[in-house]
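One-letter residues, chain by chain:
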Amino acid sequence: MRFVAAIETWCANVVERTFARAFPGALEPAQIARRLIATIEHAPPSLDDEGATGYIVRLSANDAAALETERELLERQWTRMAQALCARIVSAAPAPTVQIRADPRLPNGSIVIDTVVADVTAGQLCLRVERGVANASAYPLRSRDTVLHSLIIGRDPRCDVVVTDSRASRRHARVDVTGETVAFEDLDSTNGTLYNGEPTRRGHLLLGDRLQIGDTIFRIAAET
């Protein structure tokens, strides 16, 4: 039995059997595992660019909610699977991790997998405008002399990130960078802030996460 087939069988035995009863008629964990395998095989890690340090599995809000109670276990199982497959393809490749993220833009049953590039630090991340109008298309998230760096987002022209959005408050939210940590906080805005589609007062941001201010959507991306 070839190696990938063996991994598929292992995944089916360990994951699908455990969760099939928990998710009748819904997107099954084994489907996601097979998509992960296909993603890694199609674009295997490369030592030239130091490979992938992780994979973000984006699902619809409903599918992500259905998996939430077992999310940590699934992420551990898929991480083991991804690491075994990557090591088989490129023995010296960095060991990847797998994380689940809800994406409210996706329909139920959809699976989108993003590859997290190695060595992307907070200083190499940016706040990229995905939908809406702002005074720039992307905003680097860099520390100034390793001291806290903040970006204020809102309609006020004095904000660091000025959005042309009637549903945004004048000072709507703040994004803070301290070392390698990126966090956000809603500044008591009128319409609130959505984090990956969910109303959230404050939280931490990772590569691929989305922040919605009014009708404007920002995505945490790697600088290009």
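Definitions and limits used
Residues numbered from 1 in each chain as written. Predicted model: local features only at pLDDT ≥ 70, side-chain atom pairs only at ≥ 80, totals over all residues. Heavy atoms only, no water. Helix = DSSP H or I, 4+ residues; strand = E, 2+ residues; numbered from the N terminus. Contact = heavy atoms within 4.5 Å. Pairing = 2+ DSSP bridges. Buried < 20%, exposed > 50% of the residue type's maximum accessible area, 1.4 Å probe, protein only. Polar contact = N/O pair within 3.5 Å; in protein donor to acceptor, adjacent residues only side chain to side chain. Expected span 1.5 Å × (residues − 1). pLDDT = per-residue confidence, 0-100. Core = buried A, V, L, I, M, F, W, Y, C linked by side-chain atoms within 4.5 Å. Axes fitted to C-alpha atoms, helices over the stretch in contact; angles between N-to-C directions. Parallel < 35°, antiparallel > 145°, perpendicular 65-115°, else oblique. Left-handed = near helix turned anticlockwise from the far one by under 90°. Nonpolar A, V, L, I, M, F, W, Y, C, P; charged D, E, K, R; others polar.

## Topic: the overall build of the protein chain
Then, in step 1: Scanning the protein chain from N- to C-terminus turns up four helices and 14 strands.
Then, in step 2: For the protein chain, long-range pairs separated by at least 24 residues make up 60% of all intrachain contacts whose partners lie at least 6 apart in sequence.

## Considering the sheet that holds strand 8 (residues 173-178)
The strands making up a sheet are joined through hydrogen bonds of the backbone, oriented either antiparallel or parallel.
Then, in step 1: The mixed open sheet is built from five strands, whose spatial order is 7-6-8-9-12. Unpaired on one side and paired on the other, strand 7 (161-162) and strand 12 (202-204) mark the two borders of the sheet.

## Examining the side chain of Asp 103
Then, in step 1: Secondary-structure assignment places Asp 103 in the loop between strand 2 (97-102) and strand 3 (111-117).
Then, in step 2: According to the relative accessible area criterion, Asp 103 is buried, its value standing at 1%.
Then, in step 3: In this structure the side chain of Asp 103 is engaged in a polar contact, spanning 2.4 Å, whose partner is the side chain of Arg 58.
Then, in step 4: Ignoring sequence-local partners within four residues, the contact set of Asp 103 consists of Arg 58, Leu 59, Ser 60, Ala 61 and Arg 210.

## As for the environment of Val 57
Then, in step 1: Topologically, Val 57 is positioned in strand 1 (residues 52-59).
Then, in step 2: When its relative accessible area of 0% is taken as the criterion, Val 57 is described as buried.
Then, in step 3: Ignoring anything within four residues of it in the chain, the contact list for Val 57 reads Ile 32, Leu 36, Val 98, Gln 99, Ile 100, Arg 101, Ile 111, Val 112 and Ile 113.

## Let's talk about helix 2 (residues 29-42)
Then, in step 1: For helix 2, built from 14 residues, the straight-helix expectation of 20 Å at 1.5 Å per residue is met to within 8% by its first-to-last C-alpha distance of 20 Å.
Then, in step 2: The set of residues buried in helix 2 consists of Pro 29, Ala 30, Ile 32, Ala 33, Leu 36, Ile 37, Thr 39 and Ile 40.

## What to know about the confidence of the model for the protein chain
Then, in step 1: When the pLDDT values of the protein chain are averaged, the result is 78; 72% of them are 70 or greater.
Then, in step 2: Within the protein chain, the lowest mean pLDDT, 50, falls on helix 1 (residues 3-19), and the highest, 94, falls on strand 7.
Then, in step 3: Segment residues 12-25: pLDDT under 50, and 17 contacts once partners within four positions in sequence are set aside and those in other chains are kept.

## Notes on the nonpolar core
Then, in step 1: Residues Leu 127, Leu 141, Ile 153, Val 175, Leu 205 and Phe 218 are the most contacted members of the largest nonpolar core, which totals 22 residues.
Then, in step 2: Among the secondary structure elements, those contributing two or more residues to this core are strand 4 (125-131), strand 6 (149-154), strand 8, strand 9 (181-186), strand 13 (210-213) and strand 14 (216-222).
Then, in step 3: Core analysis: the next-biggest nonpolar cluster, separate from the first, contains 21 residues, Ala 82, Val 98, Ile 100 and Ile 111 among them.

## Concerning the packing of helix 2 against helix 4 (residues 71-89)
Then, in step 1: With their axes 10 Å apart at the nearest point, helix 2 and helix 4 run at an angle of 25° to one another. Considered as vectors, helix 2 and helix 4 are oriented roughly parallel to each other. Once helix 2 is placed against helix 4, the crossing between them reads as right-handed. Across the interface between the two elements, Pro 29, Ile 32, Ala 33, Leu 36, Ile 37, Ile 40 and Glu 41 from helix 2 touch Leu 74, Trp 78, Met 81, Ala 82, Leu 85, Cys 86 and Ile 89 from helix 4.
Then, in step 2: Grouping the amino acids of the contact of helix 2 with helix 4 by side-chain chemistry returns 13 nonpolar, no polar and one charged.

## A closer look at the pairing of strand 13
Then, in step 1: With burial as the criterion, each face of strand 13 is covered, one bearing Arg 210 and Gln 212 and the other bearing Leu 211 and Ile 213.
Then, in step 2: Pairing geometry for strand 10 (residues 193-195) and strand 13, over three bridges, is antiparallel. By the bridge assignment, Thr 193 is partnered in strand 13 with Ile 213.
Then, in step 3: Taking the residues between adjacent antiparallel strands as the criterion, strand 13 and strand 14 are bridged by two residues, where Gly 214 takes a positive phi near 65°.

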